[in-house]
Every structure is written in structure tokens, then in C-alpha cells.
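Next come the chains, spelled out residue by residue.
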Amino acid sequence: MAGDVKDRPAVAVKIENTHAARPQSGLEDADVVWETIVEFDVSRFIAIYHSHYPEEVGPIRSVRPVDMNVLAPLEGVFVYSGGQSGILRLVRDTHQIFALDENTGSSAMWRSRQRFAPHNLYGSVKGFAELAPESHSSSPDPGLAFAIEGATPTAVAEGEKVSRISLNMSVAAQPTWTWSKDKKMWMRSEGSEPFMSATAGQIGTQNVVVIEAKQFDSGFNAQNNAPVPDYDLDGMGVAHVLSGGKMITGLWEKSALTSALTLYDKNGKEVLLEPGRTWVELLPKSQGSFSTK
């Protein structure tokens, strides 16, 4: 959108995605949302806020190993509700991240009486940002590239028409995105049910980016020794980009922990996304799949 970029930090919040957590609050205000698979095949969100700071976001849940790779390039605030000691050590060692949990960020968090624990921890994104030190208070680099100043989004210019993409991320995570000509957005469903916000109706986005990346056992086990997955985001892989009712297939590249992920089309040119919100689906390579219509 036209206007000056606000000089304030990106605030990332780890948000649950189970039946007990739905409908979530604040996802509709995120600039970028990453969906990843955690233990027991369920998905969890990393919602990143900069353009808008919602008054309420949640339910907030615990950290996972992949989060550092996603968030280190932003050098902002990361909010979560604790985690395993080994994974918390990874957070402390990632100095690009200013971490807040239910202890250090308690002044901006509360427990909802409308939900049962542990699905009832919520917080204020503005409150989280105000807790950030000066070293983590600047605006982030844009990361993904957008079609501005009259440019055309790459998928719109080069892609094939797609009305729906159905993702099989795991046996328990099978979201669907359907193009709405009226709203000019991709509308999300969980299986056959519309994916709703607690305050803003069905969740929609201007861009859906499907990243194929190798999933592996992080070595941190959850309850009953269930493996906690991580993703290999060092290098290059296949990416599918959906904007404006069309889709292209290209490549993603990420050269280091602190490097932002970059998207390229089949000709090696950087992909331009539709200005607006973006959801990144981290699809386990060789295990996950998708179909289009």
C-alpha cells in the first residue's frame, strides 16, 4: 500500500491450529503466516505482524526448531509459550531474535476464560513490541518481493489459471485455498470447512506460497517420545506461487540462517508477489503433496 513504512519491529507469534484452538484471533492482520507441521502431524502457525498490530492474538503456543530459521532474518520479536529446554537453548543462541514467553512477556499476555488451558493464552502485539529493546525495534527488511509502482505480480503475468489448491501436508493437516473473484483473495478452508477468524470471518490472503522442503527428525522428542520435526531450509528447492487466481512453479533459495527466503521463476528472475498478505505453506518434501483445480 502507498505510504511510509512504520519504523517498528516485526512481531512474530506462535499460534496453535487444532480444533481446540479454533477460531483463532488476529491471523487476519498478519503480513505473513508460515504453516509448519509439528509432532503428531498437526500444523502450527508463525504469524508475523508489522503493518498492523492487533489488540488480541492467539492462542499462543510453544516454540519449535524451525522457527529460528524463519524468523532470524527479521531481527524482531518472537512470542511463544515456552518449550523444551533444548529448543529454548536454540532460541537463546539465535541472537537475531528477541524472545518473549509467558514469563518475560507476561505484561502483554492473559488467559481467556472462554477456553481451557493450554489453549487459552492470548496477547497484545502492540504490547509485545513495546517490550522490545532498541536493538530489536527497527523495521525488518522486506524479504519477499512485491509488485509495486505499476509492476505486475509474476504469477499473474506468467502463470496458469487455478481456482483451488488442496494441500496434503500430513494426515491431520489438509488445508485448501480457493480463489474468490469477488474478494480477489485466496480463501482458506480446513478440509471442507471454512477457516474462520474469531472476529473477521473467513481467512483470506493475496498470495499463497508453497515451499517444498525436506522434513527431518530434530532429535527433540515430545510426549511418548513422539519425534519433533524440523525442516532443511538451507539451500534451494521447488516453490509454487499463487497470486491473482494463477499459479507458477519456480524455486526458493535461502543461503544462511540470517538470510531471507527468496523466490525465483523458471527463468531465474525474482518473483513479485501481489501486494498484500502472504501465507507460506511449508510442505514436507516427498511426504506431502497437493492438487489443483
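Residues numbered from 1 in each chain as written. Predicted model: local features only at pLDDT ≥ 70, side-chain atom pairs only at ≥ 80, totals over all residues. Heavy atoms only, no water.

**Student:** Honestly, the pairing of strand E10 (residues 175–180) in this entry has me stumped. Any pointers?
**Tutor:** Both faces of the sheet carry side chains from a regular strand, because those side chains alternate between them. Bridging between strand E9 (residues 164–168) and E10 involves three bridges; their strand directions are antiparallel. Looking at E10, one finds that arginine 164 is bridged to threonine 178. Between E9 and E10, which follow one another and run antiparallel, lie six residues. Summarising the sheet, E10 and strand E11 (residues 185–190) pair through six bridges and their orientation is antiparallel. Bridging from a neighbouring strand, tryptophan 179 pairs with tryptophan 186 of E11. (Pairing = 2+ DSSP bridges. Helix = DSSP H or I, 4+ residues; strand = E, 2+ residues; numbered from the N terminus.)

**Student:** Would you take a moment to explain the nonpolar core for this structure?
**Tutor:** The nonpolar side chains of soluble globular proteins are, as a tendency, buried together. Of all hydrophobic cores here, the largest spans 72 residues; its most connected members are Trp34, Ile211, Leu233 and Leu263. Those residues in contact with leucine 233, other than ones at most four positions away along the chain, are Trp34, Val66, Asn69, Val70, Ile211, Ala213, Trp252, Lys254 and Leu282. (Core = buried A, V, L, I, M, F, W, Y, C linked by side-chain atoms within 4.5 Å. Buried < 20%, exposed > 50% of the residue type's maximum accessible area, 1.4 Å probe, protein only. Contact = heavy atoms within 4.5 Å.)

**Student:** What's the story with the packing of aromatic side chains in this structure? I'm lost.
**Tutor:** Centre distance and the angle of the planes are the two values used to describe a pair of aromatic rings. Evaluated as defined, the whole model comprises six aromatic pairs. Ring centres of phenylalanine 195 and tryptophan 279 lie 6.4 Å apart, and the angle between their planes is 85 degrees; on these two criteria the pair is classed as edge-to-face. Of the two residues, phenylalanine 195 sits in the loop between strand E12 (193–194) and strand E13 (196–197) while tryptophan 279 sits in strand E22 (residues 278–284), which places them 84 residues apart along the sequence. Overall, the relative accessible area of 2% leaves phenylalanine 195 in the buried class. Taken together, the ring pairs connect Phe45, Trp177, Phe195 and Trp279 into an aromatic cluster. The ring of tyrosine 53 has arginine 8 sitting right over it, with the charged end atom 3.7 Å from the ring centre. A cation sits over an aromatic face here: arginine 188 above phenylalanine 195, 4.8 Å from the ring centre. (Phe/Tyr/Trp six-rings, centres within 6.5 Å; stacked < 30°, edge-to-face > 60°. Lys NZ or Arg CZ within 6 Å of the ring centre and 35° of its normal.)

**Student:** Explain helix H2 (residues 85–93) to me, please; I cannot follow it from the model alone.
**Tutor:** Taken together, the buried positions of H2 are Gly86, Ile87 and Val91. All buried residues of H2 project into a common sector of 155 degrees when viewed along the axis, lining one side. Opposite its buried face, H2 presents the exposed residues Ser85, Arg92 and Asp93, each directed more than 90 degrees away. Looking at the buried residues of H2, the elements they touch are helix H1 (66–71), strand E5 (98–100) and strand E17 (215–221). (Arc of directions from axis to C-beta.)

**Student:** I tried to follow the side chain of aspartate 230 on my own but got confused; where do I start?
**Tutor:** One can find aspartate 230 in strand E18 (residues 227–231). Polar contacts involving the side chain of aspartate 230 include one to the main-chain amide nitrogen of valine 66, which spans 3.4 Å. The residues touching aspartate 230, leaving out its near neighbours within four places in the chain, are Pro65, Val66, Lys214, Gln215, Phe216 and Ser218. (Polar contact = N/O pair within 3.5 Å; in protein donor to acceptor, adjacent residues only side chain to side chain.)

**Student:** Hey, could you run me through the environment of glycine 123 in this one?
**Tutor:** Structurally, glycine 123 can be placed in strand E7 (residues 121–123). Each C-alpha atom of the pair glycine 123 and proline 54 lies 9.2 Å from the other, and the pair is 69 residues apart in sequence. Excluding anything up to four places from it in sequence, glycine 123 contacts Glu55, Glu56, Val57, Ile60, Ala108, Met109, Trp110 and Phe128.

**Student:** Mind showing me how you'd approach the side chain of arginine 115 here?
**Tutor:** As for its placement among the helices and strands, arginine 115 is situated in the loop between strand E6 (109–111) and E7. As a buried residue without a salt bridge, arginine 115 has its nearest oppositely charged side chain in glutamate 16, at a separation of 6.6 Å. Engagement of the side chain of arginine 115 in a polar contact is seen with the backbone oxygen of alanine 20, the distance being 3.4 Å. Residues within four places of arginine 115 in sequence aside, it is in contact with Ala20, Ala21, Arg22, Pro23, Pro59, Asn120 and Tyr122. (Lys, Arg positive; Asp, Glu negative; His and termini not counted. Salt bridge = Lys/Arg side-chain N within 4 Å of Asp/Glu carboxyl O.)

**Student:** Would you explain the environment of aspartate 230 in this entry?
**Tutor:** On the basis of relative accessible area, aspartate 230 is assigned to the buried category, the value being 13%. Expressed as a C-alpha distance, the spacing of aspartate 230 and serine 138, which sit 92 residues apart in the sequence, is 28 Å.

**Student:** What exactly am I supposed to notice about unusual backbone geometry here?
**Tutor:** The bulk of non-glycine residues show a negative phi, and the bulk of peptide bonds are trans. Each neighbour pair has its own omega, and for arginine 22 with proline 23 the value is -5 degrees, a cis peptide bond. Secondary-structure assignment places proline 23 in the loop between strand E1 (11–17) and strand E2 (32–37). Cis geometry marks the peptide bond from glycine 58 to proline 59; its omega dihedral reads 0 degrees. Inspection of the secondary structure assignment puts proline 59 in the loop between strand E3 (43–49) and H1. Look at aspartate 41: it is not a glycine, yet its phi comes out positive at around 70 degrees. Positive phi, close to 55 degrees, is recorded for lysine 184, a residue that is not glycine. Mapped onto the elements of the fold, lysine 184 is located in the loop between E10 and E11. Accessibility expressed as a relative area gives 60% for lysine 184, which makes it exposed.

**Student:** I'm lost on the pattern of salt bridges in this one. Help?
**Tutor:** Close approach of charged atoms allows side chains of opposite charge to pair. With the rule as written, the count across this model stands at seven salt bridges. Arginine 188 is paired through a salt bridge with glutamate 281; the nearest N and O atoms lie 3.1 Å apart. With arginine 188 in strand E11 and glutamate 281 in strand E22, the pair connects residues that are 93 residues apart, well separated along the chain. Pair check on accessibility: arginine 188 and glutamate 281 agree, each one buried. Taken together, the shared-partner salt bridges in this structure form one network comprising Arg22, Glu35, Arg188, Glu190 and Glu281.

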